[in-house]
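Residues per chain are reported as follows:
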Amino acid sequence: MATVSVNRAVLTWRLAVAWTWLWHFSSDQMRYEIRQLGRVADSYTQGETPAHVLRVIAEKAEMGLGTRVLDIGCGRGSALAYWASVFGAEPIGIEEVPALGTATRELFKCLSISGTVIVGDFAEVEWPDVDLIYIAGTCFSPSAVGELQRRLLQSLAKTKIAV
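Residues numbered from 1 in each chain as written. Predicted model: local features only at pLDDT ≥ 70, side-chain atom pairs only at ≥ 80, totals over all residues. Heavy atoms only, no water.

Concerning the overall build of the protein chain
Looking only at helices and strands, the protein chain features six helices and five strands. Overall, the protein chain shows an N-to-C arrangement of helices and strands of α-α-α-β-α-β-α-β-β-α-β. In the protein chain, buried positions account for 45% of the 163 residues. For the protein chain, contacts bridging at least 24 residues in sequence account for 71% of all contacts bridging at least 6. (Helix = DSSP H or I, 4+ residues; strand = E, 2+ residues; numbered from the N terminus. Buried < 20%, exposed > 50% of the residue type's maximum accessible area, 1.4 Å probe, protein only. Contact = heavy atoms within 4.5 Å.)

Looking at the sheet that holds strand S1 (residues 68-72)
Neighbouring strands of a sheet are bound in pairs by backbone hydrogen bonds; such pairs are parallel or else antiparallel. A sheet is described by the order of its strands in space; here five strands give the open sequence S3-S2-S1-S4-S5, paired in parallel fashion. Each of the sheet's edge strands pairs with one partner strand only, and the pair in question is strand S3 (116-119) and strand S5 (160-162). Going across the sheet, the axis of each strand differs from the next one's by a mean of 15°, ignoring polarity. Taken together, the five bridges between S1 and strand S2 (residues 90-95) define a ladder with parallel strand orientation. Note on S2: the bridge partner recorded for Leu 70 is Ile 92. In the packing of helix H5 (residues 98-110) onto the sheet, contacts are made with S2 and S3, and the angle to S3 comes to roughly 170°. (Pairing = 2+ DSSP bridges. Axes fitted to C-alpha atoms, helices over the stretch in contact; angles between N-to-C directions.)

Digging into the packing of helix H3 (residues 51-60) against helix H4 (residues 78-87)
At a closest axis distance of 10 Å, the pairing of H3 and H4 adopts a crossing angle of 60°. Comparing the axis directions of H3 and H4 gives the class oblique. Note on packing geometry: the crossing formed by H3 with H4 is right-handed. Residues Ala 51, Leu 54, Arg 55, Ile 57 and Ala 58 of H3 form the contact with H4, whose participating residues are Ala 79, Tyr 82, Trp 83, Val 86 and Phe 87. Residues of the contact of H3 with H4, tallied by class, amount to nine nonpolar, no polar and one charged. (Parallel < 35°, antiparallel > 145°, perpendicular 65-115°, else oblique. Left-handed = near helix turned anticlockwise from the far one by under 90°. Nonpolar A, V, L, I, M, F, W, Y, C, P; charged D, E, K, R; others polar.)

What about the pairing of strand S4 (residues 132-135)?
Residues in a regular strand project their side chains so that they alternate between the two faces of the sheet. Burial of S4 is two-sided: the residues Leu 132 and Tyr 134 facing one way and the residues Ile 133 and Ile 135 facing the other way are all buried. Relative to S4, S1 runs parallel, the two sharing four bridges. Residue pairing across strands places Val 69 opposite Leu 132, the latter belonging to S4. Sheet topology places S4 next to S5; three bridges connect them, and they run parallel. Along S5, the bridge assignment pairs Tyr 134 with Ala 162.

Set out below in structure tokens:
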């Protein structure tokens, strides 16, 4: 497992967390877009997976340089930014809320991370071939969970999954 320098990783993680919190407090656009999607804005719980949990996931998945990671419902992209910065992963996020997709792109740009963000419903967009699928679902509806299970079962034979 290849890791990038610890000093760079710590600095990058701190920047990601700072960006996330700054963006969180200016989330009127996100709430508007969630309502436009027909959802209740307050039902979207925005949480960040702690760094030590992201590290365990990376270690269990044997993440290294070039590992393609897909985050379903990537939110503001901090998990993907962490893995790209610390382990050299290739981040790919799918996010339904356009403002969150924009936030992820801006975070990648700020941290000089080359990654992909797909804005759309995970049930309708094509999933790229990846080494790891990550889901920290905090706001999936019961019907979305059913669709998610179906898609994950299709990917299980060739991809590691962390939920």
